[in-house]
Amino acid sequence: MKIKQKPKVNKAILDFIKPLAPKRKWQVSIILVVLILLATPIAILETQSSFYAYQKAKVIVNNSFQIISNYFSSFSSSPDSMDISIKDTDLKRLNYIKELSLKHYIGLDNQDSVSLMRKEWIPARLSVNNKTYDINMRVKGQSVDHWGKYGSYKFKVKGGETIFGMKRFALQHPKVRGFMNDWYFHKFLKFNGLINLRYDFISLSINGEYQTIYALEENFGKRLLEHNNRKEGLIFRINNTVNNRVSIQQPDSELEAPYLNDGIDLLSQNIDLFFAGKLSVAEVFNIQDLARFYAIIDLWGNRHAGQLKNIRFYFNPSTLLVETIGYDQQALYPLQYLNLLGLNRDLNSNSKEQSDFFNLIFNDKEFYKVYIAELNRIANEKLLKSFILEIEEEKQEKLKTLYKSFPYFESKSKYPSLFWNYQDIKHTRFDSSLWLPTDIQTLFNNQEYIKNSLKLNAKSVLVKLEDYDYDERLVILKVYNNEQIPLDLKELNLGKNNSIKIKNPSLVQPKNIIKQKGGNLFEIKIPPEIDFKLIKDNTMNVTMSILGLTDDFTFDVIMPIEFIPVNSINNPTKLNEIEFIRVDKSNNIITILKGNHVIDQSIIFPAGFTIEANAGTSIKLLNGASLISYSPLNFIGSEMSPIKISSDMSGGVAILNTKKVSEIEYIEFDNLNSILQKGANISGGVNFYEADINLRNCLFRDINSEDAINIVRSNFVIDKCNFINSKSDAIDADFSEGKLSNLFFENTGNDAIDISTGILDVENVVINLTGDKGISIGENSFATLDRLQISKAKIGVAVKDKSKVYIGKQSTHKNLIDDCEIGFAVYQKKSEFGPAELHIGDPTSLDNDLILTNTKTHFVLEKNSFLKVGDQELTNFKEDVFKQIYN
């Protein structure tokens, strides 16, 4: 007798259901069904692999009509067919090598046993166009994408035969080369006169069993050179190993000519001397060819084909110079991801101390000039349109061939982001998911990015008259380059008809090589025929250009204050007539004595001293009086006894042209205003002009000027300070570099933090109630922000005008935007600048630490600007964002 045992039910579930359970069983069943229906999609979508499958299905459904149309269009395509006949045991051997490669992948083509097995050649026969060839084949590849179900193989045609004019070639799944991406890449190399591989799509069968559409890629040999109208020469790789710089990539049978063997010795010697810094780029390489190649790499936005391990080179026996052979580009990216290869290169570096191939070529001034010229050429929209028109007919045929097996491939980049930001999105989007021709606009966008990177504007360069020597007839200029590319200083212009050509060195290094405060110094000899007194003429300017380009730009020379006609702002006060000031000339110290001091006329401190004030000192400014100093301040109060500087809303403080850093701690600034002086623009309550500053534990309260603090061309550290009731901006910095940390802002009339043409690091800042922007980064600035709390602002963070900002890039701290109209705005306000870009969070995963609450619009992004949250790029672009925000 069989006894049925009741299934065991979890007690917790019974305790949950029991109170709810109605008397009728069908009602219980309905509740359970509803629970299952609700739980099932959540369970599926919360499972990474299930969500991945769901996303793919969604893409296929959304694009079903296009996919069907693509497939039917493939019927009119008749690609070449290849059939490989191979012994069953040999085929199993190849599959076994692929399996081992997957299991023992080490990331390099090394000398381990599995890597060596992939180099084993196995005999087979290949039939194409009713003709059969004897061949050898082997497993190809150095990464796992080559060893799946549809593996990658290399082939050698035996005897004197060739297939499609090739002795050696490879077959691989189209996805490993980005489907049509590499086809476009090789066509564009050809369009620009560079060596390119034959690249096509064919139908493949193995032992009569159809595989799929495969990509056919030419390998390296003399037939590749002949096809590119080059004489037979050496094809090689450059290694980073000191004792073996050159690896020949051709079989010995192609090296029988004596000049080729002799060429190996000469080539090896040249490459060694190049890495030793004894030969320049132009002495070893075809410099035009190399520069054009890397400009194309920039246009594609992906550096894979430009990596030394992937480039093949050709040693031309006619010129004895090296040319590039483009290979294995794969992906197309927006150029903002990696930026231009040539940015912030040190063209004054000593190449003998370099060993990296990129540094050797990009730090070579002559190469760099040609590279910039090639970038400028490659960014021409007409050139790209002409290329697209030229390949249009052939492109359509190749697409139809691919559609036979992959009618959906162009939709693979359209996986949307996950709906819940705490889910892992790692496997829902291809990193290299921009596919040509669908994403052809990316190439045009990259052209626009290049053009914007090669523009100068009024804020690109600042030129200051640093010093002069009347006896030696020398003018010393300090030039600040605010761009990431080097510039060429061509002329100094004195008045309208007096121009002086600048002799070497005329190179102005980019901003990240020579820091802004350091600048670039130039000594210029004034010829006898030019009146030296003209250097005091305010019409002095310089002519400059981007290194490698011919367009000239003119920038005015800013005169030091001592060169400006005498006025009350730089006429030092007779300090010995003021009873609470002591001057120690032997130690170069000026001391403001402790006490409560009322000042109704401005005090101007001369250069060459240190101005000191101690805890408990109080200064009251009346009737427009201000404190102006050409020496650094050493004002040190204490927490219990701060220094106090206040005014009747008519005076302020200015520190100008100091040689040393001012140290300011525990000061209360109250009711200050801008310094009113005819012809001057000293807009802050507290001002620093070319005066480095460390400012800590200070309070700025009821400041009535345009800026509570105005900083120009200075380095600064502002830490543990409070800004309460600022009439307009709280901190405004121009052409400066600094750090802001542990700050609190309350009731700011305009922007709490505003930086233009500078470098800024912000950490742990609380901003509450601002009339406009919490933080504004503009005019070609770079900033890193972390641990932000911004509430009650029109815009939380604004990034504009060619600026680049990272928020919480590697931090686990929270960044909070609360009760703002707009969380983040990325846009271009001024036509002379390019678009801006903003990166929020860790680029390898979706940011989990950004919190937006009670904010009407989280992100506003203008066309051509760039915004990435985690690893998700936002593309909901708008037009004329500035006009929309401010009507």
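It should be emphasised that the depicted structure is a prediction, and the values quoted were computed from it without experimental measurement.

Participant: Tell me about the sheet that holds strand β2 (residues 122-128), residues and numbers included.
Facilitator: If you trace the seven strands once around the closed barrel, you get β1-β2-β3-β4-β5-β7-β6, paired in mixed fashion. On average, each strand axis in the sheet is tilted by 40° relative to the strand beside it, whichever way the strands run. Where strand β1 (residues 81-85) and β2 come together, four bridges link them in antiparallel fashion. Residue pairing across strands places S85 opposite R125, the latter belonging to β2.

Participant: Explain the nonpolar core residue by residue, including any values.
Facilitator: Judged by nonpolar contacts, the single largest core of 111 residues is most densely connected at F285, Y294, W300, F357, F367, Y371 and L492. The element best represented in this core is helix α11 (residues 287-300), accounting for ten residues. Those residues in contact with F285, other than ones at most four positions away along the chain, are I238, I271, F274, L290, F313, L321, V322 and F357. One finds I643, F700, L788 and F824 within the second-largest nonpolar core, a separate group that totals 79 residues.

Participant: Outline the pattern of salt bridges, listing residues and values.
Facilitator: Side chains that carry opposite charge are capable of pairing whenever their charged atoms lie near each other. By the definition in use, this model includes 35 salt bridges. Close ionic contact of E690 with K464 constitutes a salt bridge, the shortest N to O distance being 2.4 Å. Of this pair, E690 sits in the loop between β32 (684-689) and β33 (693-696) while K464 is found in strand β12 (residues 461-469), placing the two residues 226 residues apart along the sequence. Residue classification places K464 among the buried positions, given a relative accessible area of 11%. A salt bridge links D670 to R701, with the shortest nitrogen-to-oxygen separation between them at 2.5 Å. Taken as a pair, D670 in strand β31 (residues 667-670) and R701 in strand β34 (residues 699-701) lie far apart in primary sequence, 31 residues in all. For D670, a relative accessible area of 13% corresponds to the buried category. Three or more residues joined by partner-sharing salt bridges are found here, namely K464, E466, K478, E690 and R713.

Thresholds, definitions, all that
- Residues numbered from 1 in each chain as written.
- Predicted model: local features only at pLDDT ≥ 70, side-chain atom pairs only at ≥ 80, totals over all residues.
- Heavy atoms only, no water.
- Pairing = 2+ DSSP bridges.
- Helix = DSSP H or I, 4+ residues; strand = E, 2+ residues; numbered from the N terminus.
- Axes fitted to C-alpha atoms, helices over the stretch in contact; angles between N-to-C directions.
- Core = buried A, V, L, I, M, F, W, Y, C linked by side-chain atoms within 4.5 Å.
- Buried < 20%, exposed > 50% of the residue type's maximum accessible area, 1.4 Å probe, protein only.
- Contact = heavy atoms within 4.5 Å.
- Salt bridge = Lys/Arg side-chain N within 4 Å of Asp/Glu carboxyl O.

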